[in-house]
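A look at the structure
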Amino acid sequence: MRPRADGPRQPPGPQEAAAGSRPAARADPAAYAGAVLDVTAMIPSGKVLTYGDIAELLACGGPRQVGRALSLATRDVPWWRVLRAGGRPAQGLAREARSRYDDEGTALAVPADPVGEDDYRVVLAEARWWPSPAQQDALARLGASLSRPAP
DNA sequence: AAATAGGCTTTAG
DNA sequence: ACTAAAGCCTATT
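Residues numbered from 1 in each chain as written. Chains lettered and ligands numbered in written order. Predicted model: local features only at pLDDT ≥ 70, side-chain atom pairs only at ≥ 80, totals over all residues. Heavy atoms only, no water.

By the naming in an unreviewed UniProt entry, chain A goes by Cysteine methyltransferase and is assigned to Arthrobacter bussei.

1. As for the side chain of R98
Structurally, R98 is set in helix 4 (residues 94–104). Nearest to the buried, unbridged R98 among oppositely charged side chains is E117, at 4.0 Å. There is a polar contact of 3.1 Å between the side chain of R98 and the backbone oxygen of E117. Residue contacts for R98: discarding those within four places in its chain leaves L108, V110, E117 and Y120. (Helix = DSSP H or I, 4+ residues; strand = E, 2+ residues; numbered from the N terminus. Buried < 20%, exposed > 50% of the residue type's maximum accessible area, 1.4 Å probe, protein only. Lys, Arg positive; Asp, Glu negative; His and termini not counted. Salt bridge = Lys/Arg side-chain N within 4 Å of Asp/Glu carboxyl O. Polar contact = N/O pair within 3.5 Å; in protein donor to acceptor, adjacent residues only side chain to side chain. Contact = heavy atoms within 4.5 Å.)

2. A closer look at the protein's contact with DNA strand C
Not every one of the 18 residues close to DNA strand C is listed here, only the nearest: Y51, G52, R64, S71 and A85. A share of 42% of the atoms of DNA strand C within 4 Å of the protein falls on sugar and phosphate groups. Measuring from a base nitrogen of DNA strand C, one finds a side-chain N or O atom of Y51 at 2.8 Å. Elements supplying a minimum of two residues to the surface near DNA strand C: helix 2 (51–58) and helix 3 (63–72). Here the surface near DNA strand C takes seven residues from helix 3, the largest share from any one element. Grouping the constituent residues of the surface near DNA strand C by class yields ten nonpolar, five polar and three charged. (Near = heavy atom within 4 Å. Nonpolar A, V, L, I, M, F, W, Y, C, P; charged D, E, K, R; others polar.)

Listed below in structure tokens is the structure:
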């Protein structure tokens, strides 16, 4: 498996990569969605995360859950800073997201002969955000608090 | 290098 | 129990 290019993330587990091999966390859906939105709001301008990254940071749920939470969100969050692992935003959002990237100076890779406005990719190696150790810890705590049934 | 196909998890309805 | 979801991975062109 390809080790994530860089970043002080915790050492990879044996099979951790296969989408969602973490123990079920069974968080309260509303709380989970809130946490996802919180993380999204934390991403600095010009930087991005993938759906899977957020799931890993929270150590809760999977990439698709993150996507669902965002799709249902009405809150004012920078949704365009959350991408699929391939560096492309969700289908249908690419065009709208692009103006944001231009605004924020996010690194884009556009093919020589683009098919359309939505034919581009964000260069994850450049634009990918990774939180500071302190932020990582805060996010880990946030994720841990999710799986704990509220008293 | 890029695009495609298949297989797979987690959670919600 | 089954299906759907703003996904991810690996193998194969």
